[in-house]
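Descriptive structure summary
Here is how the chains run, residue by residue.
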Amino acid sequence: MARSDVARTAEGLLAAAPASVREARSLVRRELPGWGAEDLVDDCVLIVSELVTNAVRHGGAACVLRLGGDGVQVYGELFDPGRGAPRMREAGMDATGGRGLQIVDALADDWGVSWPESGGKIVWFVLGGRSVPYGVSQHASDAFA
């Protein structure tokens, strides 16, 4: 994979409904191959699925998925207006849920939560390297301010 001279971005407004998880996956599958990031699609789909599922379950309001990339790295962020902090849980062997942030932590090169001054939260992640992608502002919470 070669770094592109141009950073690419994609964004989607997602309803607080289970069907939004499928919409978010489709956005990733549609956009990343055109950015030269084919090898990051599967991990990005899993991360986005987990983050949108959490936002739908716990946020109860529409959320915004924003992706940026340069062909080598993908930076993603999911904004929702909820005030609750996402936290990793220990899920028992028989549990059918509770592993979402463990999956994000295992797949992402880096991830975290930022708190825009205007309210809500942004859960962000980076794939393909430990630095923020070329052309994408670091933890772009100011974009939601």
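Structure: see above.
Residues numbered from 1 in each chain as written. Predicted model: local features only at pLDDT ≥ 70, side-chain atom pairs only at ≥ 80, totals over all residues. Heavy atoms only, no water.

This part covers the overall build of the chain. Across its full length, the chain carries 3 helices and 5 strands. Put simply, the chain runs from its N terminus to its C terminus through helices and strands in the order β-α-α-β-β-α-β-β. Taken over 145 residues, the chain has a buried fraction of 45%. Look at the contacts in the chain between residues 6 or more apart in sequence, and 65% of them connect residues 24 or more apart. (Helix = DSSP H or I, 4+ residues; strand = E, 2+ residues; numbered from the N terminus. Buried < 20%, exposed > 50% of the residue type's maximum accessible area, 1.4 Å probe, protein only. Contact = heavy atoms within 4.5 Å.)

Bringing the packing of helix 2 (residues 41–59) against helix 3 (residues 100–107) into the picture now. Remark: helix 2 packs on helix 3, axes separated minimally by 9 Å, with the N-to-C direction vectors making an angle of 150°. Here helix 2 is positioned roughly antiparallel relative to helix 3, judged by the angle of their axes. Seen from above, helix 2 lies across helix 3 with left-handed handedness. Along its contact with helix 2, which presents D43, L46, I47, E50, L51 and N54, the element helix 3 presents G100, L101, I103, V104 and L107. (Axes fitted to C-alpha atoms, helices over the stretch in contact; angles between N-to-C directions. Parallel < 35°, antiparallel > 145°, perpendicular 65-115°, else oblique. Left-handed = near helix turned anticlockwise from the far one by under 90°.)

Relative to the assigned elements, S49 resides in helix 2. Given a relative accessible area of 8%, S49 falls into the buried group. For the pair S49 and G100, spaced 51 residues apart in the sequence, the C-alpha separation amounts to 8.7 Å.

Our focus in this paragraph is the sheet that holds strand 2 (residues 63–69). A sheet is described by the order of its strands in space; here 5 strands give the open sequence 1-2-3-5-4, paired in antiparallel fashion. Unpaired on one side and paired on the other, strand 1 (8–14) and strand 4 (110–114) mark the two borders of the sheet. Taking the axes of each pair of neighbouring strands and ignoring which way they run, one obtains an average angle of 15° across the sheet. Two strands pair when backbone bridges link them, and strand 3 (residues 74–80) and strand 5 (residues 121–127) are joined in this way by 7 bridges, in the antiparallel orientation. (Pairing = 2+ DSSP bridges.)

Counted at 1.5 Å a residue, the expected span for helix 2 with its 19 residues is 27 Å, and the 25 Å between its end C-alpha atoms agrees. Within the sequence span of helix 2, burial applies to V41, C44, V45, I47, V48, S49, L51, V52, T53, A55 and V56. Looking at the packing, one finds that the buried side of helix 2 touches strand 1, helix 1 (19–31), strand 2, strand 3, helix 3 and strand 5. Looking at the residues trailing helix 2, positive phi occurs at G60, about 70°. (Expected span 1.5 Å × (residues − 1).)

Structural measurements only, silent on function.
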